[in-house]
Amino acid sequence: MNVWLLLGLLLVHEALEDVTGQHPPKNKHPKEPGENRIKPTNKKVKPKIPKIKDRDAADAPPKTQSIMIHMMDKGRFQKPAATLSLPAGQTLELRCKGNKIEWSYPAYLDTFKDSRLSVKQHERYGQLTLVNSTAADTGEFSCWGQLCHGYICRKDETKTGSTYIFFTEKGELFVPSPSYFDVVYLNPDRQAVVPCRVTVLSAKVTLHREFPAKEIPVNGTDIVYDVKRGFVYLQPRSDHQGVLYCKAEAGGKSQISVKYQLLYVEVPRGPPSTTILASSNKVRSGDDLSVLCTVLGEPDVEVEFRWIYPGQKDERPVTIQDTWRLIHRGLGHTTRISQSVMTIEDLETTDVGYYICTAQNLQGETTVATTVEFS
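Residues numbered from 1 in each chain as written. Predicted model: local features only at pLDDT ≥ 70, side-chain atom pairs only at ≥ 80, totals over all residues. Heavy atoms only, no water.

**A look at the pattern of salt bridges**
In total, this model carries 12 salt bridges according to the counting rule given. Where E210 meets K259, a salt bridge forms, and the shortest distance between an N and an O atom there is 2.3 Å. Placement of E210 in the loop between β13 (204-209) and β14 (214-216) and of K259 in strand β19 (residues 259-265) is noted, with a sequence separation of 49 residues between them. Taking relative accessible area as the criterion, K259 reaches 36% and is therefore assigned partly exposed. (Salt bridge = Lys/Arg side-chain N within 4 Å of Asp/Glu carboxyl O. Helix = DSSP H or I, 4+ residues; strand = E, 2+ residues; numbered from the N terminus. Buried < 20%, exposed > 50% of the residue type's maximum accessible area, 1.4 Å probe, protein only.)

If you want it as structure tokens, here you go:
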């Protein structure tokens, strides 16, 4: 009886605990001082990765800013395209932003000091004006800003402007040439250009040999056509020589250019190949003496001569004459002979000694010498 009474009391006690919710916490232990009381979570957090600047972007050159403006009629203006076509006779006005602007334009406008062209620098822009334009003005017009430190200035590569302008003129498909016959030198180590430039961008241009009469194929390998330069020989050879001309066709009309003589250059580019020769190395008092300095070189390379001679300190009167001519050495090979001759009359004792000639071109200089003495 007592056992059943005790079991009943235990069941009643558990029922009361379920009603009041006073269950002892499972696996709970008293917190120690300083123990973390933040409840941990399983939420995933994406780590932040610091941004690193692209090295290539940082090292890239600054972007170029076009500073050229084409001024049109009635106060209108626009940035010019890479090429423009304008009717001849029209006034051209270009402006470039900046307080120090330099210009480049077709070279002959400078060569002939053409009064139709004016270049001015204003406070905030440079201005180029060309009045009464003609087909001969066709070419590249460009400008650039300058970075200056004191009196030293350099080109600002980030501020430039450029446009190639075709000035169209009735009856002129080719840019006029100052001569009726031009010489083009063919050198195996550099490109050669037959300058058949046109005034109409859409013109069809072909290259022709005068004899034997035939059209020369432009295959893009040996010869290409550049509308801003003409026919370009990429790797000139001796068989390219001859008399050539160009033919242009546009708008149902055609025109023949001036003729071009293509000459193959035999002598390689470099400092002058120089020799010196005296009329006699053994002389007597009262004789006349001539000393000849000779250079063989490329047809289009000019040579300058300088002399040192025994009577120079005493201001001995001498005559010096410089000349040059082209010679053809067969198979179309052409060489330029440049010569300087020093002549002294009525030789004296002070004229005996070393005669030194220095020949100089753009690639360098060469010095040669010979001696003259009394016999």
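**Quick notes on the sheet that holds strand β27 (residues 364-374)**
Reading across the sheet, the four strands line up as β21-β27-β26-β23 and stay open at both edges, with mixed pairing between neighbours. What marks the edges here is a single partner per strand, and that holds for β21 (282-283) and β23 (304-308). Here β21 runs beside β27; their pairing, made up of two bridges, is parallel. Paired with K282 across the two strands is E373, which belongs to β27. (Pairing = 2+ DSSP bridges.)

**So, the sheet that holds strand β12 (residues 192-194)**
Spatial ordering of the open sheet is given by β12-β16-β15, a layout of three strands whose pairing is antiparallel. Across the chains shown, the open sheet's two edge strands, defined by having one partner strand only, are β12 and β15 (223-226). On average, each strand axis in the sheet is inclined to that of its neighbour by 30°, with strand direction left out of account. The pairing of β15 with strand β16 (residues 230-233) spans four bridges and is antiparallel. (Axes fitted to C-alpha atoms, helices over the stretch in contact; angles between N-to-C directions.)

**Details of a negative patch on the surface**
Negative charge collects at one region of the surface, where D287, D288, E345, D346 and E348 lie side by side. Tracing the backbone shows E345 in the loop between β25 (333-344) and β26 (353-361). Of the residues examined, E345 reaches a relative accessible area of 56% and is grouped as exposed. (Patch = residues over 30% accessible without salt bridge, like charges linked within 9 Å, V, L, I, M, F, W, Y side chains within 5 Å. Areas by Shrake-Rupley, 256 points an atom, 1.4 Å probe, with all protein chains shown as cover. Lys, Arg positive; Asp, Glu negative; His and termini not counted. Charge placed at Lys NZ, Arg CZ, Asp CG, Glu CD.)

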